[in-house]
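# Survey of secondary and tertiary structure
Residues per chain are reported as follows:
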Amino acid sequence: MALLRTQNLHAQDIRHLQVFVVVASSGGMTAAQPALNMTLSSISTSISTFEKRFGITVCHRGRGGFELTDEGRVVYDIARDLLNRFSSAASEIALLGGVLSGELTIAGHGGDYTHPEYLIPEAVDRFLSRPDNSVALRMEIGSQTFIIQGVLRGDIDVGIGSFPLAREGVRRTPLYEEKASLYCGSRHPLFGGQTADMPPEAFSDFDFVLRTETAPIRDVVPGMRVRAVAPTQEARAMFILSGQIIGFLPDHVAHRWVARGQMKRIGGAELRYASQMELITKEDSRRNPVVEAFVADYAAAVLTATGRALQSAGAQ
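Figured I'd write up the structure that's included with this text.

The rules behind these values
- Residues numbered from 1 in each chain as written.
- Predicted model: local features only at pLDDT ≥ 70, side-chain atom pairs only at ≥ 80, totals over all residues.
- Heavy atoms only, no water.
- 1 Å grid on protein atoms, 1.4 Å probe; cavity = no way out; pocket = protein on both sides within 12 Å on 5 of 7 lines; lining within 4 Å.
- Points joined across faces, edges and corners; volume = space filled by probe spheres on them.
- Nonpolar A, V, L, I, M, F, W, Y, C, P; charged D, E, K, R; others polar.
- Helix = DSSP H or I, 4+ residues; strand = E, 2+ residues; numbered from the N terminus.
- Expected span 1.5 Å × (residues − 1).
- Buried < 20%, exposed > 50% of the residue type's maximum accessible area, 1.4 Å probe, protein only.
- Contact = heavy atoms within 4.5 Å.
- Polar contact = N/O pair within 3.5 Å; in protein donor to acceptor, adjacent residues only side chain to side chain.
- Phe/Tyr/Trp six-rings, centres within 6.5 Å; stacked < 30°, edge-to-face > 60°.
- Lys NZ or Arg CZ within 6 Å of the ring centre and 35° of its normal.

Bringing empty space enclosed by the protein into the picture now. Scanning the entire structure with this criterion turns up one cavity of 30 Å³ or more. Counted as a void, the largest cavity has a volume near 60 Å³. Lining the largest cavity, in full, are His109, Gly110, Gly142, Ser143, Gln144, Arg211, Pro231, Thr232, Gln233 and Arg236. When its residues are assigned to classes, the lining of the largest cavity shows one nonpolar, seven polar and two charged.

Looking now at helix 1 (residues 11-26). Under the 1.5 Å per step criterion, the end-to-end length of helix 1 is 23 Å for 16 residues, consistent within 8% with the ideal 22 Å. Looking at helix 1, one finds that the buried residues are Asp13, Ile14, His16, Leu17, Val19, Phe20, Val21, Val23 and Ala24. Count one or two residues on from helix 1 and you reach Gly27, which has phi positive near 85°.

Our next topic: the layout of surface pockets. Estimates place the volume of the second largest pocket at around 660 Å³. Considering the residues around the second largest pocket, the lining is formed by 33 residues, among which Gln144, Pro164, Arg211, Ala215 and Pro216 are closest to the centre. Within the residue set of the lining of the second largest pocket, elements represented by two or more residues are helix 6 (144-153), strand 6 (170-185), strand 7 (207-210), helix 7 (233-241), strand 9 (246-250) and strand 11 (272-282). With five residues, the single largest contributor to the lining of the second largest pocket is strand 11. Tallied by class, the residues present in the lining of the second largest pocket amount to 16 nonpolar, 11 polar and six charged.

With that settled, consider the environment of Ile147. Along the polypeptide, Ile147 turns up in helix 6. Exposure remark for Ile147: the relative accessible area of 0% places this residue in the buried category. Distance in space between the C-alpha atoms of Ile147 and Ala107 is 6.4 Å, their sequence separation being 40 residues. When near neighbours in sequence (up to four residues on either side) are disregarded, Ile147 contacts Ala107, Gly108, His109, Gly142, Ile156, Gly159, Ile160, Phe163 and Ile280.

On to the environment of Thr195. One can find Thr195 in the loop between strand 6 and strand 7. Thr195 gets classed as buried once you look at its relative accessible area, which sits at 6%. Separated by 170 residues in the primary sequence, Thr195 and Ser25 have C-alpha atoms spaced 46 Å apart. In this structure Thr195 touches Leu190, Phe203, Ile266, Gly267 and Gly268, once residues within four positions along its chain are discounted. Of note is the side chain of Thr195, whose polar atom sits 2.9 Å from the backbone nitrogen of Gly267.

Moving on, we get to the packing of aromatic side chains. Counted under the stated rule, the structure contains six aromatic pairs. Ring centres of Phe50 and Phe54 lie 4.7 Å apart, and the angle between their planes is 45°; on these two criteria the pair is classed as tilted. Of the two residues, Phe50 and Phe54 are both situated in helix 3 (residues 40-54); the distance of four residues between them amounts to about one turn of the helix. Take Phe50: its relative accessible area is 3%, and that puts it in the buried class. Looking at Phe54, the relative accessible area reads 1%, which means it is buried. Plain terms: the ring middles of Phe127 and Phe294 are 5.8 Å apart, the flat faces sit at 75° to each other, and that makes the pair edge-to-face. On the criterion of sequence distance, the pair formed by Phe127 in helix 5 (residues 120-128) and Phe294 in helix 9 (residues 289-306) is long-range, its members being 167 residues apart. Phe294 shares its class with Phe127; the two are buried. Put simply, the rings of Phe127, Phe294 and Tyr298 touch in pairs and so form one group of aromatic residues. The ring of Trp257 has Arg256 lying over it, and the distance from NZ or CZ to the ring centre is 4.4 Å.

Below you can see the structure in the form of structure tokens.
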């Protein structure tokens, strides 16, 4: 495989790599248009120019859809690492002059903002109040898997949520515990009944929605019937509100619907659990002054709000 045969990368090559990374991350040229603010023709020309310059084919595109080639997957990994290093280097150089610059992408689960200890707004307030701060911010909402993968790839700088499946390469800082319970909607047969004394196995007669097919909570109800899968809290809530499906939600997320009489907590203590909420960054994020500044501001926000000092659990 003759990858990057030309000896030197020029400025225009970097621009082509930036375009290619966005296209590959988006899953195609059409999907990448909003982020790139480019026409399909311009995107195609950029990728084609790069391919001709280095004598490789990085992706197949056309009626058959978009797909990376083997060479394209290698170039994608190289390009991501290169662009991340450029970003960190630019931030470090700017910091020498007392200026905090670059970009910062934060990600969280959709419903977590209703928890009183979810302090992204307070951390952002502190971060943007820093003098000589010209950092551009981006916020993403997604599932556990979306956030973990984004952090490991370098797409996401700071992730906040519950990440029991976080893998090697992630630095974790515990934040707080989030309590969750089993809920049904107001149209469900269980809504008007007394369920506190029902054993877990009794709920196997009803359809469930889970985060994933293999979510650990599945083992709590022997013979659980999983009718729907929804990776985000809001999506699971929609299924529960239908009255056809029951499922687990964080108590603070379900509160709004419980207060309106649209949901009810069901089952006993066996169907309650707590998740550790964490702030995660990539293992080598200490080299990025922008990320470290935001993490410090989040820690300061927690200290002010709760009196607790955050302690990093280190890299996993």
